[in-house]
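Listed below are the residues making up each chain.
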Amino acid sequence: MTAAIPDTAAVTSWVGDAVLAPSMHNAQPWRFRWQPDTGVLLLDMDPSRAMPRTDPAGRGLHVGCGAALFDLRVAAAHSGWTARVRLLPDAAGTRVLAALTFVRPAEEPDLDLLHPAIRRRRTNREPFTSEPVAPELRDGLCAAARAEGAHLSFPGTWHLETVLELIASAEAAEALSPAVREEIARWTASGDAKGRTDGIPASAFGPRRYDGRAPVRDFAIGSRPRERSSAIFERLPSLAVLETHGDTPADWLMAGQAMQRVLLQATLDGLATTLNSQAVEWPALRWALRDPLSSEGHPQMVIRLGYGPEVPPTPRRPVSEVLEVT
């Protein structure tokens, strides 16, 4: 291993991949600072993109930043570099979430295999087919989560019922909370706002569900987007619950990296995915999501998987807006 400093063009390219990560309501709560003299890349949180009503502790913010961090690791590996990551390097509690330095060659060549999936991955809110996800694919996704220190489980029949009921309870609580709905409205658009580079446009809402039980968050509650159709979703959706052993900011960053590794592997496997954090956002519901065989797991995300149609990407802020070279 040789410590070295990549050029600014390479780092800019890696950040371009990082910003394609998913985040809560596509708020993209990250900023990067590149210090070419020292070869250190800092990942900062952007508090202006926090959600105090739905994410008061910043858990979801950290998960999204962790996903961006994983994309950057994959991008560096694709260029023959290893990103060495130090989470939460400043104990004083600044906005710095991670500090990265780089060495050559790549220590994790398997990360390079995930690179084609970064630009193909989508959050898909369309109906999926009834085709089950094969056991070998599930096993591979569980292994992807383990590689990042997290646990992925696929609920059995009775636990699946519990998960679906918890998400339904969260949907009802959300619909009855004007403060939560107002915050969500900030990050959604009833029409495709021209020039907007964040949030969820109406084109990504998916159809309105009039039958089926797939837990797809309806971002159109309280509005009536034009030309929005209705559809039948899965009766028995394939869901996975991502958990971490701890529940600190460092664990949330770990969860984001594990989540993104699972999503990229699922994309390579030809699977469509949807993220759902609704029940996780309500403390009274979150604990009951956990794998009943896990004594210490902390649920961080519910992932819906299956086979669905291609969907367009959601908007992203340009790299020039999120990367500062100092």
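Okay, so let's go over this structure. No experiment lies behind these values; they were computed from the predicted model shown.

The strand order across the open sheet built from four strands is S6-S9-S11-S10, with neighbouring strands paired in antiparallel fashion. A single partner strand is all that each edge strand has here, and the edge strands are strand S6 (151-153) and strand S10 (272-276). Ignoring which end each strand starts from, the neighbouring axes of this sheet average 25° apart. Where strand S9 (residues 238-244) lies against strand S11 (residues 298-306), seven bridges are found, and the strand directions are antiparallel. Each bridged residue has a counterpart across the sheet, and for Glu 243 the counterpart in S11 is Pro 299. Contacting S9, S10 and S11, helix H6 (residues 157-175) crosses the sheet at an angle of about 80° to S9.

With that out of the way, let us pick up the packing of helix H5 (residues 135-147) against helix H8 (residues 249-268). Running from N to C, H5 and H8 point in directions that differ by 150°, and their axes come no closer than 8 Å. Compared by their axis directions, H5 and H8 come out roughly antiparallel. As for the relative orientation of H5 and H8, their crossing is right-handed in sense. Along its contact with H5, which presents Leu 141, Ala 144, Ala 145 and Ala 147, the element H8 presents Ala 258, Arg 261, Val 262, Gln 265 and Ala 266. Considering only residue class, the contact of H5 with H8 consists of seven nonpolar, one polar and one charged.

Burial runs high along strand S5 (residues 96-104): seven of the nine residues are buried. Looking at chain direction, strand S1 (residues 2-3) and S5 are connected through two bridges and run antiparallel. Its bridge partner being in S5, Thr 2 is matched across the sheet by Arg 104. Sheet topology places strand S3 (residues 40-45) next to S5; four bridges connect them, and they run antiparallel.

This paragraph deals with the environment of Asp 112. With respect to the secondary-structure elements, Asp 112 resides in helix H3 (residues 109-112). Sequence spacing of Asp 112 and His 78 is 34 residues, and the spatial spacing of their C-alpha atoms is 4.6 Å. Apart from the residues within four sequence positions on either side, Asp 112 is in contact with Ala 77 and His 78.

A pair of packed helices is characterised by two quantities: the angle between their axes and the separation of those axes. Between helix H2 (residues 59-78) and H8, whose axes approach to 7 Å, the crossing angle comes to 55°. When the axis of H2 is compared with that of H8, the two are oblique. The handedness of the crossing between H2 and H8 is right-handed. Where H2 abuts H8, its residues Arg 59, His 62, Val 63, Cys 65, Gly 66, Ala 67, Leu 69, Phe 70, Asp 71, Arg 73 and Val 74 lie against Pro 249, Trp 252, Leu 253, Ala 255, Gly 256, Gln 257, Met 259, Gln 260, Arg 261 and Leu 264. Here the contact of H2 with H8 is composed, by residue class, of twelve nonpolar, five polar and four charged.

Conventions adopted
- Residues numbered from 1 in each chain as written.
- Predicted model: local features only at pLDDT ≥ 70, side-chain atom pairs only at ≥ 80, totals over all residues.
- Heavy atoms only, no water.
- Pairing = 2+ DSSP bridges.
- Helix = DSSP H or I, 4+ residues; strand = E, 2+ residues; numbered from the N terminus.
- Axes fitted to C-alpha atoms, helices over the stretch in contact; angles between N-to-C directions.
- Contact = heavy atoms within 4.5 Å.
- Parallel < 35°, antiparallel > 145°, perpendicular 65-115°, else oblique.
- Left-handed = near helix turned anticlockwise from the far one by under 90°.
- Nonpolar A, V, L, I, M, F, W, Y, C, P; charged D, E, K, R; others polar.
- Buried < 20%, exposed > 50% of the residue type's maximum accessible area, 1.4 Å probe, protein only.

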